[in-house]
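# Coordinate analysis (summary)
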Amino acid sequence: KRRERMRPAFNLPVPKAAQQARCSLFTNTQFCRHEEGHIRKQLRPFFSLNFAKLRWLIESRQGLHQRFYFSCPTLVRANAQLGEEPPKRYGRPKQWVTALSKKASLEMALAEVIDGATSALGSSEADLAILFVSQTFASEFPRILPLLRDRVKAKNLIGCGAGGVIGSCVGGAFVSRTEEIETLPALSLTLANLPAVDIRTFHVTERELPDLDAAPDQWWTLAGGVKPDSMPAFIMFADPTTGQLTDLLRGFDYAFPQSVKLGGIGTGGVFHNGQLKRGGVVGMALSGDIEVCPIVAQGCRPIGDVLRVTEAEGNVLMKLNDMPALEAIRVVVEALPPEERALAQNSLYIGLCGDEFKENIDRSDFLVRDVLGVDPRNGAIAVGATVRAGQRMQFHIRDAASSAEDLTGLLERFWKITSSAGEASEPVKPIGSLMVSCLGRGEGLYGVPNHDSTVFHRFFPSVPVSGFFASGEIGGHADTTYLHGYTSVFGVII
């Protein structure tokens, strides 16, 4: 009865609580923009929630403001309050293990990661395998999958060639090492057993892309037949020769507006089950008893004041605050300290705020794009995104300190959510994470190896990480998926 009274007030569909060990409730944007106090007041009679987690999801810039996650313990308590039977727990636990090898021989590298991963998993059979291979082995890519198939029986497999490989091995209660191998030969293998998780893999080429105005069911077919009501999370790896990747992301946003999408562009060759593909995008859709929580660290910090676009055409900024855009840059840069002024001359970016109605905006509200060029004749600047009059923007700069600060802040914020044990929910324990980092980050940016993965393990020491260095990173901002640059994207598996 409480649920039925609550539904018309908030337009919340009734969850299938008695059927699933984990579920999502959906709501409209207007409700999500209510202040936390109003949410607390209205929902507390019905569900005991971890409101720190709720606040994270509402404020998050990752496009999750329209999705509430409820962990299994919270759902059990909610059902108990409603007089319902708690969902049955699955007998087989979820497992996510990774192994890394730096051996120069392909056979020896594969043997090392297979031995490490299967030993940690306790079996040579897995529901999912994810493979990242250094471009050093590019000439031997056709041999990799047959060699792997001889020893590992994975129901689903995706992966790609990479400019650098990231991997960790688990020992005891903590990850014994996590390394970001940027230039040397390396190979990373992740194996996972995911009971009660529906895994759909797919390979998409440019010729198969539907028109952007096509019906959603064409995109559903492209994604392996999964449908949006199952709330799939997508992980995608693209071959660098693939065109129209932005169109694919736009199509997936259209067909799966509530779904997480993340990944990156490799350096040549993608793996789909037992085949090596040259060109296209491989991916997988995960739905069921799993959550993929994205963290997108753009690595910039704002400078100057927030400005409003007063005249623009396409991706060209003509005027900001009624002055020529180039003059606005000059005003901002001249007000900076000398060290930041020198940085702005070589590393200047623009941050665009997509929410026109939010009053108090911070750095997480900005989508960072490149400044492509200037036209001194009319004072216009070209940027790497479409802009419109009335939009708010702020100039940004990027350096090692701002990148580290941005990543640390996002991970700390997420850690507080997952580790908080409120009166109605237990701490959320991630089982693994994917990491896609730009080739422009790493040791070249920070001056030390393994920086971003080390920061991650500062908050999640026992969570294995695998991934690669990409020439473009796929991640969400607000309710849209973008292709980023100079970014680290984490997909934390829960």
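Up top you'll find the structure we're talking about.
First, a word on what this report is: a plain description of the structure on this page. (Residues numbered from 1 in each chain as written. Predicted model: local features only at pLDDT ≥ 70, side-chain atom pairs only at ≥ 80, totals over all residues. Heavy atoms only, no water.)

For the rest of this paragraph, the subject is the sheet that holds strand β14 (residues 270–272). Read from one edge to the other, the open sheet built from six strands follows the order β3-β10-β5-β7-β14-β15, with strand pairing classed as mixed. Each having just a single partner strand, β3 (95–101) and β15 (275–277) make up the two edges of the open sheet. Direction aside, neighbouring strands of the sheet carry axes that sit 15 degrees apart on average. The pairing of strand β5 (residues 128–134) with strand β10 (residues 187–193) spans six bridges and is classified as antiparallel. From the neighbouring strand, Leu-128 faces β10, where its bridge partner is Ala-192. Packed onto the sheet, helix α6 (residues 106–121) meets β3 and β10 and runs at close to 155 degrees relative to β3. Those strands touched by helix α7 (residues 141–151) are β5, β7 (157–162), β10, β14 and β15, and its axis lies near 150 degrees from that of β5. (Pairing = 2+ DSSP bridges. Helix = DSSP H or I, 4+ residues; strand = E, 2+ residues; numbered from the N terminus. Axes fitted to C-alpha atoms, helices over the stretch in contact; angles between N-to-C directions. Contact = heavy atoms within 4.5 Å.)

Before going further, it helps to spend a moment on the packing of aromatic side chains. Per the stated rule, a full pass over the model turns up 15 aromatic pairs. Seen in terms of ring centroids, Phe-456 and Phe-460 are 5.2 Å apart; in terms of plane orientation they differ by 35 degrees. Their pairing is tilted. A cation over a ring is seen here: Arg-398 above Tyr-349, with NZ or CZ 4.5 Å from the ring centre. (Phe/Tyr/Trp six-rings, centres within 6.5 Å; stacked < 30°, edge-to-face > 60°. Lys NZ or Arg CZ within 6 Å of the ring centre and 35° of its normal.)

Another aspect to go through is the environment of Gly-159. Considering the arrangement of structural elements, one finds Gly-159 in strand β7. In this structure, the C-alpha to C-alpha distance between Gly-159 and Phe-237, residues 78 residues apart in sequence, is 6.9 Å. The residues contacting Gly-159, other than those within four sequence positions of it, are Leu-131, Phe-237, Val-270, Phe-271 and Val-282.

This next bit is on the packing of α6 against α7. Contact pair α6 / α7: the axes reach a minimum separation of 11 Å and the direction vectors enclose 40 degrees. Of the two possible hands of crossing, α6 and α7 adopt the one that is right-handed. Facing Leu-106, Glu-107, Leu-110, Ala-111, Ile-114 and Asp-115 of α6, the residues of α7 in contact are Arg-143, Ile-144, Leu-147, Leu-148 and Arg-151. Residues that form the contact of α6 with α7 fall into these classes: seven nonpolar, no polar and four charged. (Left-handed = near helix turned anticlockwise from the far one by under 90°. Nonpolar A, V, L, I, M, F, W, Y, C, P; charged D, E, K, R; others polar.)

Read these as layout, nothing more, since geometry by itself doesn't imply function.
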